[in-house]
Amino acid sequence: MSTVIDGKSLARTLRSRIKQAVSELQVEHNVVPGLAVVLVGEDPASQVYVRSKARQTVEVGMQSFEHRLSDNTSEGNLVQLVEELNQKMEVNGILVQLPLPGQINAERIINTISANKDVDGFHVENTGRLSIGADSLIPCTPAGCLMLLKHAVGDLSGQNAIILGRSNIVGKPVAQLLLQEHCTVTIAHSRTRDLPSICRQADIVIAAVGIPEMVKGDWIKPGATVIDVGINRITDESENGKLVGDVDHASVSEVAGAITPVPGGVGPMTIACLLQNTIIATCRQRQIKIPEAIS
Ligand code: NAD
C-alpha cells in the first residue's frame, strides 16, 4: 500500500505560516493584504470555492472583498469592475472565478487584471515570466502540486515526470515548474498514443484530465509518486454526489509509493497557495521584503 500524501495537513501548516506572515506585515509595516474575489453567475461549485476562499482569507488575518455579479453581466461591466479593483490600494490580489458565462471572453478579463495583482497567475505576463524562469505569480494549483511533490519526494532532480493534461491553468504551468526542478518532463494529452505504457516509465505522475478514475494501477511504475489533480463529482444513483479524482485510487494505491487523496490532496493546497500569492503580491507592490515565514 502506498503512503497517502496529506494535503489537508500540509495546507494547514502553510496557512499557519501565512497567518504569521500577515501579522508580521501588520506589525512591522502597518499593511493588511487584501484579496478581491469576483464571482459572475450562480455556478454551485464556484459558489462553494468563493465562500471557502473568502473564509480562509479572513481566517489568516487578511481583508476579503467579495463581488457577486449576475449571470447576464456584460463583458464591459466586468472589465470596468476589474479596472476599478486594479486602482484600489487596499486590494492587493484580484481573482475572477472561472468559468465565466458565455458572453464574456475569459482571456480578456484575465489580461485586464494588473499582472502584479494576478494572484491566480493566469495573466499572459505571469505565464511568460514563469516560462523563462523569472519571478512571477505562479498559478495556485500547480504551486500546490509542487509543494506536495517536494514533501513526498524531496529533491526532484532527474526524475521522470509525466503530466496528463495540457491546460493553461494546470498541465502547462506544472510542466514549467517541474522543468525548473530539473525533472525530465513529458506532457500527455487527449491525442497521446498508448498512454499507459508512457505512464509506466514515470517516477512522478500528475493527473489533470477531468476524467473520473481514468488512471489505473497497471499504468503505474511500482513506487511512483502520484498527484491526482482531478475533481469529479459522480452523481449517478448509486454514488450520490461522491467526489473522485482522475486516478482510480483503489488500484493505484496498491502500486504507487505515494499518492494524494481526493478530496484532501491538491484541493486544500490550491487555496493556501492563493493566500500565499496574495502576500507575495502585496510585498512586491509595496516593495517590502517577503516575510521569512513564507519565503
Ligand atoms: P481541461 O479540461 O482544461 O484540460 C484537460 C486536459 O486533459 C486537456 O489538455 C486534454 O488534452 C487532456 N485530456 C483529455 N482527455 C484525455 C485523455 N483521454 N488522455 C490524456 N489526456 C486527456 O481541465 P483542467 O482545467 O486542466 O482540469 C483538469 C482536472 O483538474 C479537472 O478534473 C478539474 O476539476 C481539476 N482541477 C482541480 C483543481 C484543484 O484545485 N484541485 C484546480 C483546477 C482543476
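Residues numbered from 1 in each chain as written. Predicted model: local features only at pLDDT ≥ 70, side-chain atom pairs only at ≥ 80, totals over all residues. Heavy atoms only, no water.

**Q** Before we go on, may I ask you to explain the nonpolar core in this structure?
**A** Within the largest apolar cluster, 53 residues are counted, with the highest numbers of intra-cluster contacts made by I18, L178, I206, I227, V229 and I279. When neighbours within four sequence positions are excluded, I206 is seen to be in contact with L149, I162, I163, L164, V174, L178, I227 and V229. Residues I162, A188, C199 and V215 belong to the second largest nonpolar core, which totals 18 residues. (Core = buried A, V, L, I, M, F, W, Y, C linked by side-chain atoms within 4.5 Å. Buried < 20%, exposed > 50% of the residue type's maximum accessible area, 1.4 Å probe, protein only. Contact = heavy atoms within 4.5 Å.)

**Q** Would you take a moment to explain the pattern of salt bridges for this structure?
**A** Counted according to the given criterion, the structure contains six salt bridges. The residue R108 makes a salt bridge to E75 at a minimum N-O spacing of 2.8 Å. A residue pair is termed long-range when its members are at least 10 positions apart, and R108 in helix α4 (residues 106–112) and E75 in helix α3 (residues 75–87) qualify at 33 residues. Looking at E75, the relative accessible area reads 18%, which means it is buried. Here E181 and K150 are joined by a salt bridge, their closest N and O atoms 3.2 Å apart. Of this pair, E181 sits in the loop between α7 (171–180) and β6 (184–188) while K150 sits in helix α6 (residues 140–153), placing them 31 residues apart in sequence. (Salt bridge = Lys/Arg side-chain N within 4 Å of Asp/Glu carboxyl O. Helix = DSSP H or I, 4+ residues; strand = E, 2+ residues; numbered from the N terminus.)

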